[in-house]
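Fold and geometry: a report
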Amino acid sequence: MAKVASRIALRMGLWSCSAVLAGCLLKPEYERSVVITDNTYRDGSVSQDTIADLSWWEVFNDKQLADLITGALQENRDLQAAMARLEQARALVGVARPDQFPRVDAQGGISRTDASNASNFPLPAQDDFSLLAPLSFEVDLWGRYSSATEAQRAEMLASDEAYRAEIGRAHV
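Here is what the cut-offs are and how they apply
- Counting restarts for each chain, with residues numbered from 1 along the sequence as it is written.
- Where totals are concerned, whole chains, interfaces and linings use all residues; where local detail is concerned, this predicted model gives features only for residues with pLDDT of at least 70, and gives and counts side-chain atom pairs only at 80 or more.
- Side-chain metrics in this entry use all non-hydrogen atoms of the structure; hydrogen atoms and water are not considered.
- Helix numbering and strand numbering both begin at the N terminus, where a helix is a DSSP run of H or I of at least 4 residues and a strand a DSSP run of E of at least 2.
- To sort residues, take the accessible area from a 1.4 Å probe on protein chains only and compare it with the maximum for the residue type: under 20% means buried, over 50% means exposed, and anything in between is partly exposed.
- Every residue pair with non-hydrogen atoms within 4.5 Å of one another is taken to be in contact.
- For the accessible areas, the method is Shrake-Rupley and the probe is 1.4 Å, while residue cover comes only from the protein chains on display.
- At least two bridges found by DSSP between two strands are what make those strands a pair.
- A helix is expected to span 1.5 Å multiplied by its residue count minus one.
- Nitrogen and oxygen atoms within 3.5 Å of one another constitute a polar contact, given that in protein one can donate a hydrogen and the other can accept it, and given that sequence-neighbouring residues count only through two side-chain atoms.
- When a carboxyl oxygen of Asp or Glu is within 4 Å of a side-chain nitrogen of Lys or Arg, the pair counts as a salt bridge.
- Residues enter patches when they are more than 30% accessible in relative terms and free of salt bridges; like-charged ones are connected within 9 Å and nonpolar ones (Val, Leu, Ile, Met, Phe, Trp, Tyr) within 5 Å.
- This arc corresponds to the set of directions leading from the helix axis out to the C-beta atoms.

Attention now goes to the overall build of the protein chain. The number of helices and strands found in the protein chain is 4 helices and 4 strands. Its helices and strands in sequence order give the protein chain the pattern α-α-α-β-β-β-β-α, from N to C terminus. For the protein chain, buried positions account for 10% of its 172 residues. For the protein chain, long-range pairs separated by at least 24 residues make up 64% of all intrachain contacts whose partners lie at least 6 apart in sequence. A total accessible area of about 14800 Å² is found for the protein chain, and carbon and sulfur atoms account for 59% of it.

Time to look at the pairing of strand 2 (residues 107–113). With 0 of 7 residues buried, strand 2 lies mostly on the surface of the structure. The pairing of strand 2 with strand 3 (residues 126–132) spans 7 bridges and is antiparallel. Counterpart to Ile110 in the pairing with strand 3 is Phe129.

The next thing to look at is the side chain of Thr149. Note that Thr149 resides in helix 4 (residues 144–171). When residues no more than four places from it in sequence are discounted, the contact partners of Thr149 are Ala96, Arg97 and Gln100.

A few words now on the environment of Ser136. Following the sequence through the fold, Ser136 ends up in strand 4 (residues 135–136). Since its relative accessible area comes to 38%, Ser136 is described here as partly exposed. Along the backbone, Ser136 and Val104 are 32 residues apart, and their C-alpha atoms lie at a distance of 6.5 Å. Dropping the residues within four chain positions of it, Ser136 is found in contact with Pro102 and Arg103.

On to the side chain of Glu166, then. Tracing the backbone shows Glu166 in helix 4. Residue classification places Glu166 among the buried positions, given a relative accessible area of 13%. Once residues lying within four places of it in the same chain are set aside, the contact partners of Glu166 are Asn76, Asp78, Leu79 and Ala82.

Because each turn of an α-helix spans 3.6 residues, side chains separated by three or four positions end up pointing in the same direction. With 12 residues, helix 2 (residues 63–74) extends 16 Å between its outermost C-alpha atoms, agreeing within 8% with the 16 Å of an ideal straight helix rising 1.5 Å per residue. Near the N-terminus of helix 2, the side chain that reaches the backbone nitrogen of Gln64, with its oxygen 3.2 Å away, is that of Asp62.

With the rule as written, the count across this model stands at 4 salt bridges. Put simply, Asp105 and Arg103 hold a salt bridge, and the shortest N to O gap is 3.2 Å. Assessed through its relative accessible area of 52%, Arg103 is described here as exposed.

Turning our eyes to something else, we now look at unusual backbone geometry. A positive phi angle, near 50°, is found at Asn61, a position not held by glycine. Among the secondary structure elements, Asn61 is positioned in the loop between helix 1 (2–25) and helix 2. Look at Asn61 and you get exposed, because its relative accessible area is 73%.

Moving on, we get to the environment of Gly108. Position of Gly108 relative to the elements: it lies in strand 2. Taking the C-alpha atoms as reference points, Gly108 and Phe129, separated by 21 residues in sequence, lie 7.6 Å from one another. In this view, Gly108 contacts Ser130 and Leu131; residues no more than four positions away in its chain are not counted.

Nonpolar side chains collect at one region of the surface, where Phe137, Val139, Leu141 and Trp142 lie side by side and expose about 430 Å² of accessible area between them. Looking at Trp142, the relative accessible area reads 56%, which means it is exposed.

The terminal C-alpha atoms of helix 3 (residues 77–96), which comprises 20 residues, lie 28 Å apart, in line with the 28 Å expected from a rise of 1.5 Å per residue. Turning to helix 3, its buried residues are Leu79, Ala82, Leu86, Ala89, Val93 and Ala96. The arc that holds the buried residues of helix 3, viewed along the axis, is 115°, so those residues lie on one side. Summarising the geometry of helix 3, the exposed residues directed more than 90 degrees from the buried face are Arg77 and Val95.

See below:
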């Protein structure tokens, strides 16, 4: 009777542990809100090009003005800072993502011991070679690494939108 009770207790414990672990694996997936937009503007067509589609300085057809504006945009420190933040965010995504995959390290070494004639038992020269390649992988049980990658990707997208906004602000 005690044996049956211990088996039942063991099974209940295993089921409880697996239920807790399965619950920890479930994290809510981010779902972007649906934005309903009207594809028509004014007369119902989207593809009609108008003067409003041009940058304001292109309306004047002045090469000198266009060169000045282009030079100012290239030397815009706010724009350069926004681009640097975007590049940094892209690099951080590249740093966070590899944690989700197995890691292989490699190590090697060579040593040589020369012959010794100083003792009664002379030792021959000896070469030692070593090569190590440890493999490690941490199971992302709690979603830590995947969440970190998602967070860095969201930061990158936010930096990208900030860069686009800065370009738009500079063109105004």
